[in-house]
Amino acid sequence: MSIGICLIGAGRIGAIHAANIAAAADAQLLYVTDAHQPAADTLAAQHGATATELSRALADPAVQAVLIASSTDTHVELMRAASAAGKAVFCEKPVDLNLARARDCLRELEACGTLLALGFNRRFDPDFTELWQRLQAGAIGDIEMVTITSRDPGPPPLDYLRRSGGLFMDMMIHDFDMARWLLGEDPQSVFASASCLVDPAIAGAGDVDTALVTLKTASGKLCQISNSRRASYGYDQRIEVHGSKGMLRAENRGASQVQCFRAGAVESDPPLDFFLERYAAAYRLELEAFLAVLAGGQGRLVSGSDALKAQVLADAAARSHRQNAVIAPEYTA
């Protein structure tokens, strides 16, 4: 039986999700809704869905789940509406830019028993999943240090940056989620150092474009995260985990893994250009996990609690940068 889905948001992330839903054997894209009606019309037509207003989609009993890929400032309202209509919810990160609003929303959905998954897709990347599975199997003994590198090939438009919540909330929040997942513990201290080295206009928008963050857990495990809005060689995505018995490392993905060895040089393809290409498989696999759980099966989902803790770390990093101080994350409030 196909699971009926309403997609909210017809932008570039919405288009990725729409294509994955349409390609899934056990799902059907029934409706697309977007504040910009032409975008909804176009995306719905591409996949044989209906472009409509949200109220109609939520009233249709054939819709079992809502996938929210709209702007962050709409997430809370849409999650509440979908939950009230008895639909399962898949929502892109973050829940909201305001931590208190995010907490309140997640409490409400939990009280309603709503099936919820958050779009932290990097946990579903095949290379990162393999690395995590080997960690769980004890391949390198006790985890001691995690190093996460995430650098964009270039900054997004200033208009986007002004409403994104900033580098820590918009970009590094993925890495905070990965850090918790890989460390197996919640960091208890955060120290962030950040600059504006790529474009002074980003500083004018109240943001940073280059940052290093150090996390430390109660048992002493360390994690360092490196973010930049500039990487001249492509989309730089690497993870290294050092343990008592060795090291695990996931490297960048190129268009191919072929290398050319010649006298005086070794050549390989540069990293893929951007996240839509680099994490194409991760977007597909996270949807498959959501559909599996919705159908009563097994699947790894990123929970509301996971999303909230990543946001707490992002908030702590922003405060650490402003205050030039070590901050203790406030996981409960």
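Residues numbered from 1 in each chain as written. Predicted model: local features only at pLDDT ≥ 70, side-chain atom pairs only at ≥ 80, totals over all residues. Heavy atoms only, no water.

Peer 1: What is the right way to read the side chain of Ser 320 from this model?
Peer 2: Within the secondary structure layout, Ser 320 lies in helix H13 (residues 304-323). Those residues in contact with Ser 320, other than ones at most four positions away along the chain, are Val 190, Phe 191, Ala 192, Ala 325 and Ile 327. (Helix = DSSP H or I, 4+ residues; strand = E, 2+ residues; numbered from the N terminus. Contact = heavy atoms within 4.5 Å.)

Peer 1: What's the story with the sheet that holds strand S11 (residues 236-243) in this structure? I'm lost.
Peer 2: Strand pairing in a sheet relies on backbone hydrogen bonds. The paired strands run either parallel or antiparallel. If you trace the 6 strands from one edge of the open sheet to the other, you get S8-S9-S10-S7-S11-S12, paired in mixed fashion. Edge positions in the sheet fall to strand S8 (189-195) and strand S12 (246-250), since each has one partner strand and no second. Across the sheet, the mean angle separating the axes of adjacent strands is 10° when strand polarity is ignored. With 7 bridges connecting them, strand S7 (residues 143-151) and strand S10 (residues 222-228) associate as parallel partners. (Pairing = 2+ DSSP bridges. Axes fitted to C-alpha atoms, helices over the stretch in contact; angles between N-to-C directions.)

Peer 1: What is the right way to look at the environment of Leu 287 in this model?
Peer 2: With respect to the element layout, Leu 287 can be found in helix H12 (residues 280-294). Residues contacting Leu 287, with those up to four places away along its chain left out, are Asn 20, Ile 21 and Leu 67.

Peer 1: Honestly, unusual backbone geometry in this entry has me stumped. Any pointers?
Peer 2: Most of the time, phi is negative for any residue but glycine, and the peptide bond is trans. For the peptide bond that leads from Lys 93 to Pro 94, omega is -20°, which places it in the cis range. Residue position: Pro 94 is located in the loop between strand S5 (88-92) and helix H5 (99-112).

Peer 1: What should I look at first to understand the pattern of salt bridges in this one?
Peer 2: As a working rule, side chains carrying opposite charge can pair if their charged atoms are close by. Per the counting criterion, the structure on display carries 24 salt bridges. Taken together, the salt bridges that share partners define one network made up of Arg 123, Asp 177, Arg 180, Asp 186, Asp 306 and Lys 309. (Salt bridge = Lys/Arg side-chain N within 4 Å of Asp/Glu carboxyl O.)

Peer 1: Is there a simple way to explain the layout of surface pockets in this structure?
Peer 2: Empty space among the atoms can be located by rolling a probe the size of a water molecule over them. Computed from the structure, the largest pocket encloses a volume of approximately 1,000 Å³. Along the walls of the largest pocket sit 36 residues, with Arg 12, Ile 13, Lys 93, Tyr 160 and Asp 170 positioned nearest its centre. Within the residue set of the lining of the largest pocket, elements represented by two or more residues are helix H1 (12-23), helix H7 (158-163) and helix H8 (167-170). Across the lining of the largest pocket, the residue classes tally to 15 nonpolar, 11 polar and 10 charged. (1 Å grid on protein atoms, 1.4 Å probe; cavity = no way out; pocket = protein on both sides within 12 Å on 5 of 7 lines; lining within 4 Å. Points joined across faces, edges and corners; volume = space filled by probe spheres on them. Nonpolar A, V, L, I, M, F, W, Y, C, P; charged D, E, K, R; others polar.)

Peer 1: What is the right way to read empty space enclosed by the protein from this model?
Peer 2: Scanning the entire structure with this criterion turns up 1 cavity of 30 Å³ or more. Its boundaries defined by the atoms lining it, the largest cavity holds a volume of some 40 Å³. Forming the walls of the largest cavity are Arg 122, Phe 128, Ile 148, Thr 149, Ser 150, Asp 175, Met 178, Gln 237, Arg 238, Ile 239 and Tyr 279. Taken together, the residues that form the lining of the largest cavity break down as 5 nonpolar, 3 polar and 3 charged.

Peer 1: Even after reading the chapter, I still don't get the sheet that holds strand S2 (residues 27-33), so can you show me in this structure?
Peer 2: Read across the open sheet, the 6 strands follow the order S3-S2-S1-S4-S5-S6; overall the sheet is parallel. Here the strands that pair on one side only, and so sit at the sheet edges, are strand S3 (50-51) and strand S6 (116-119).

Peer 1: Would you explain the pairing of S5 in this entry?
Peer 2: Looking along a regular strand, one sees side chains alternate from face to face of the sheet. Of all 5 residues that make up S5, 5 are buried, and the element is covered over most of its length. Inspection of the sheet shows strand S4 (residues 63-68) paired to S5 by 4 bridges, in the parallel sense. The residue bridging Val 66 from the neighbouring strand is Val 89, located in S5. For the segment spanning S4, helix H4 (residues 75-84) and S5, crossover handedness is right-handed. In this structure, S5 lies alongside S6, joined through 4 bridges in parallel fashion. (Buried < 20%, exposed > 50% of the residue type's maximum accessible area, 1.4 Å probe, protein only. Right-handed = clockwise from strand over helix to strand, strands pointing away.)

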